[in-house]
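Listed below are the residues making up each chain.
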Amino acid sequence: MTTKLFVGNLSFQATEDSLRELFEQYGEVQDCFIPKDRDSGRSRGFGFVTLESSAAKEAEAAIHNTEFLGRTVRVNEAEQREGG
């Protein structure tokens with residue numbers, strides 16, 4: 001079973017590759033996505049990483065409130081969006 005994590009307060013310099021690299025220390029990353037602003041094409045400052053559930057819990061505990069590319073990131077389990 002997998003768990004999707006929300007990663008908030010990302011630096012605008014963060015890329016999907018750099019985010020994937022950060023989380024791969026804890027297990028195989030199934031998916032990694034940083035939404036882009038539709039007008040500017042710039043990162044929106046948050047992303048999502050999907051890992052196996054036990055690896056996700058370990059990564060959340062280890063990375064939450066730590067510095068990544070000059071910003072203190074927040075990591076928690078992503079909430080299911082209502083509607084569409």
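Our subject is the structure listed above.
Residues numbered from 1 in each chain as written. Predicted model: local features only at pLDDT ≥ 70, side-chain atom pairs only at ≥ 80, totals over all residues. Heavy atoms only, no water.

Asks: Is there a simple way to think about unusual backbone geometry in this case?
Replies: With glycine set apart, most residues show a phi of negative sign, and most peptide bonds adopt trans. For Asn9, which is not a glycine, the phi torsion comes out positive at approximately 65°. Its place among the elements puts Asn9 in the loop between strand S1 (2-8) and helix H1 (16-23). Take Asn9: its relative accessible area is 29%, and that puts it in the partly exposed class. At Asn65, a position not held by glycine, the phi torsion is positive, near 65°. Tracing the backbone through its elements, the reader meets Asn65 in the loop between helix H2 (53-63) and strand S4 (66-68). (Helix = DSSP H or I, 4+ residues; strand = E, 2+ residues; numbered from the N terminus. Buried < 20%, exposed > 50% of the residue type's maximum accessible area, 1.4 Å probe, protein only.)

Asks: Explain the nonpolar core to me, please; I cannot follow it from the model alone.
Replies: Here is a general trend for soluble globular proteins: nonpolar side chains tend to be buried in one another's company. Counting 19 residues, the largest nonpolar core has Val7, Leu10, Leu19, Phe23, Val49 and Leu51 as its most contacted members. Among the secondary structure elements, those contributing two or more residues to this core are S1, H1, strand S2 (29-33), strand S3 (46-52), H2 and strand S5 (71-77). Ranked by residues supplied to this core, first place goes to H2 with four residues. When near neighbours in sequence (up to four residues on either side) are disregarded, Val7 contacts Leu19, Phe23, Gly45, Phe46, Gly47, Val49, Val73, Arg74 and Val75. (Core = buried A, V, L, I, M, F, W, Y, C linked by side-chain atoms within 4.5 Å. Contact = heavy atoms within 4.5 Å.)

Asks: For this particular structure, what's the right way to read H2?
Replies: An α-helical turn contains 3.6 residues, so a residue and the one three or four places further along point in the same direction. Taken together, the buried positions of H2 are Ser53, Ala55, Ala56, Ala59 and Ile63. What you see down the axis of H2 is that its buried residues fit within an arc of 150°, all on one side. Opposite the packed face of H2, turned more than 90 degrees from it, sit the exposed residues Lys57 and Ala61. Buried residues in H2 make contact with S1, H1, S3, S4 and S5. Asn65 sits one or two positions beyond H2 and adopts a positive phi of about 65°. (Arc of directions from axis to C-beta.)

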